[in-house]
Structures are given as structure tokens and as C-alpha cells.
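# Coordinates in review
Listed here are the chains, written in short residue letters.
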Amino acid sequence: MHDVIVRKSFVSVEEIFHEGGPVAQKPLLRGIVGSVIKNPFAGRYVEDIVGFMDDLKPLGMKMAQDLIAALGGDASKVEGYGKASLVGETGELEHGALWHAPGGYSMRENLPASNAIVPSSKKVGGPGARIDVPVTHRNASYVRSHFDAIEVGLNDAPKADEMLVVLVMTTGPRIHNRAGGLAGADIIGKDGLK
Amino acid sequence: MKIRKIVTTVEEIHLEMGKTIAPPTRRAASTAVIENPFAGVFKEDLDLLMTVGEELGTLLGQKCVDALGIAPKDAESYGKAAMVGENGELEHAAAILHPKMGAPLRKAVEKGAALVPSSKKMGSMGQPLDVPLGHKDAAYVRSHFDAMEVRISDAPRANEIMVSIVVTDSGRPLPRVGGLESKDAKGEDGLR
């Protein structure tokens, strides 16, 4: 068991009205929540790290709830999601993988009908590094209108012995989506894919 | 004014050099990406952008205060900045920031006797914009000199301008370089 020590946290909401085409009736919201935490395994090789996933669960739950609140408080309005981790330089890519269970389940526990796998990205980087967080529909991964990505980064994080863990949520399709494919309205929503 | 997007971020610092910051210091940045009506042409009269500045002073100032979840009087410091896409002119940023943005921003944070610190630059998509910060009622309060970096991966496009306002409810996490303290500020002349 390791303490989860948070140095800083942030919530960011982007409201998109248009991208050169018709102005949307309702802006698309894309939200990010991030926490900069101490990496308990920085600086050395530790074989058994998997228990830290459980330690991260309460943080994941709080982050998911904070993000839903920042997007207006109605979980049913969230349509897309994604997650990412950025590991500081004395850590290891594998440490970033510890965010898979706590990051993913925290969102799926707080959102209705979220059968789709939560897409993710991870990398090792220094303060100011940027990571692109992939986004897909929460209930059917193949919904083409919801494929997106959100760039995240902080000028002062992650320091060498830290990790930045991130969740993202969106409230709808890309603002001028018109690339066809499976539409959100046509999904079956059972297998998480279609 | 044609707004393409608005990004609002609240950042909290809970720890600095191993010391717990309680309550955490908090900064909110709200940034609008707007079409530059004068991209690619020289216009002598920039009145239109001055009005845009006035509207954004209200809109972005309010978004910052709302995002912090504070009463306007509890705002402690502020700042503003703009980054003009490559088909614009540095003067376009000045027209937005300086003549008319201050009054509505001060209304959003209640009072605001001090000059609103500012920065401006020309830049392209994804470039960082550092927004300088100073105490809203007494510019010499040393604990509140700061800056917050803002950037948006897809802005500003060549024909756009990115306009940011930052409001805080606190100074730096561990201020200890002396000078005028917030509690000793009179807040009458905007300086001390």
C-alpha cells in the first residue's frame, strides 16, 4: 500500500461552438481532469507494483466525479471518454499502465451505459511534455463521430519522480462530424463495440 | 464577435517542495478563440476590436470567477493576454486588451484598483501564452506576482486571436520574498 500524494490538480473545460462550419445549437464540451501525483516507484526497479492500482481507485473516483460536475453535473450528457498517464523521467512506462483499472473503472462506475473500453495513451516525459488522450464513444467503440483526441500537458509537471494521470470526457460528436460510419443513434450497446 | 471556442481551466496546488498548501492555491484561466476581423488587411480604425475586448472582459472574467466558485470580492489577483495568429497584427491584441477590457473585468472581480498586468504576442497553434498576474487592488503586493501558462493545441489559426483572462483566489504557494503583504495593502491608489 502506498499513499497517493497529490501535488497539483486541474480541471479544464473546452466549449466548441464551430470550426469554420455552421455554429452548433449546443456547444460541444470537452473536459479534462488531471492530477500530478508522486510516483512511489521512481528511481528503481520494483517488480511488484500492481497493488498501486487499488490505491489509486479513490483518486480516480474523485476525478471522474469532479469532471462530471465541471461538465454540468449530468452524467447522462457525457458521450465520449478517454484516459492517459504521463510518467516523469525516473519512472517507467509500466508505472503509467497502473492507471488502466482505476482510471477506466472510475469513469464507467460514474457514467450510465458505458460498455466500451476506455481508450488510452501513456508515455514517459518531462515537465511541459504533451500527451494526446484518445476519445471514443462510451458505449460503442465503433461510433465514428466520437473518435477524437485531446491534448493535455502542464508546464511544471510531471517532475522526475511524479506521474500525471488524466481522464477526459466529451458531450458529443466532433463539432462538424461528417465522415460517416456507425452513428451514436444506431448502436446496439451490448458488446461495447457496435 | 465570432467565438470558435472557449477553454476554462482551474488549477490547484496542494504541495510545493514537500510542504502542504492548505487551502490549495487556485488559479483560473479562461481563453476565447475568436475570428480576427482584420486578418490580412491594414485597418486604421480598431474600434471593433476594442468592443470585442469589452465583451470578453465580462465573459471571461465571469467564467474565471464561476470556475473558482468564489464570490467576486474573494478574487485576489488577475491578468490578461492575447496571442494573434499570423495574418493579424500585434496592434490587434493591444486593441482588445487595453482600451476597454479592464472596466468589465473589474466588475467581475469587484473593485480591482490595480493595473491589470498584460502580455501579448504573435503566435501559431499550440504556442504557449504566459499571462502575467498581479494583486487586483495593490500592484506592489509581492506575494501575488505570478504568471500562468495557457495553450490550446489548435489555436490561434492564422486568422484568429486567442484572448485569455486569469483570476486567482490566492498568491504563490510559498511566498517568502518579503515586500508588501496582502493584509497590509490599502487598495486605494492601486499600487499599495
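Residues numbered from 1 in each chain as written. Chains lettered and ligands numbered in written order. Predicted model: local features only at pLDDT ≥ 70, side-chain atom pairs only at ≥ 80, totals over all residues.

## As for the overall build of chain B
Along its length, chain B carries three helices and seven strands. Its helices and strands taken in sequence order, chain B reads β-β-α-β-α-α-β-β-β-β from the N to the C terminus. Against the globule reference of 16 Å for 192 residues, chain B gives a C-alpha radius of gyration of 16 Å, in line with a compact fold. Considering only C-alpha atoms, chain B reaches an extent of 50 × 35 × 25 Å along its principal axes. In chain B, 79% of the contacts between residues at least 6 apart in sequence involve partners at least 24 apart. (Helix = DSSP H or I, 4+ residues; strand = E, 2+ residues; numbered from the N terminus. Rg over C-alpha atoms; globule rule 2.2 N^0.38 Å. Contact = placed C-beta atoms within 7 Å.)

## As for the confidence of the model for chain B
With 100% of its residues at a pLDDT of 70 or more, chain B has an overall mean of 96. Predicted complex, confidence summary: ipTM 0.86, pTM 0.92. (pLDDT = per-residue confidence, 0-100.)

## Some points on the interface of chain B and chain A
Chain B puts 15 residues into the contact, and the matching count from chain A is 17 residues. Considering every element that reaches the side of chain B that touches chain A, the biggest residue donor is strand β1 (residues 3-16) of chain B, with 13 residues. Each residue belonging to the side of chain B that touches chain A can be placed in one class, and the counts come to six nonpolar, four polar and five charged. (Nonpolar A, V, L, I, M, F, W, Y, C, P; charged D, E, K, R; others polar.)

## Digging into unusual backbone geometry
A cis geometry characterises the amide bond from Ala157(A) onward to Pro158(A), with omega recorded as 0 degrees. One can find Pro158(A) in the loop between β6 (148-153) and β7 (162-170). Note that the residue after Ala155(B), namely Pro156(B), is joined by a cis bond; omega there is -5 degrees. Here Pro156(B) is to be found in the loop between β6 (146-150) and β7 (160-168). Here Met17(B), not a glycine, exhibits a phi torsion of approximately 50 degrees, which is positive. Relative to the elements of secondary structure, Met17(B) occurs in the loop between β1 and β2 (19-35).

## Here we look at the packing of helix α1 (residues 47-68) of chain B against helix α3 (residues 102-109) of chain B
Residues and elements named next belong to chain B. Two elements in contact, α1 and α3, have axes separated by 7 Å at closest approach and are oriented at 20 degrees. Classified by the angle their axes make, α1 and α3 are roughly parallel. Judged by the twist between their axes, the crossing of α1 over α3 is right-handed. Of the residues in α3, those touching α1 at Glu54, Gly57, Thr58, Gly61, Gln62 and Val65 are Gly102, Ala103, Pro104, Leu105, Ala108 and Val109. Residue classes in the contact of α1 with α3 are distributed as six nonpolar, five polar and one charged. (Axes fitted to C-alpha atoms, helices over the stretch in contact; angles between N-to-C directions. Parallel < 35°, antiparallel > 145°, perpendicular 65-115°, else oblique. Left-handed = near helix turned anticlockwise from the far one by under 90°.)

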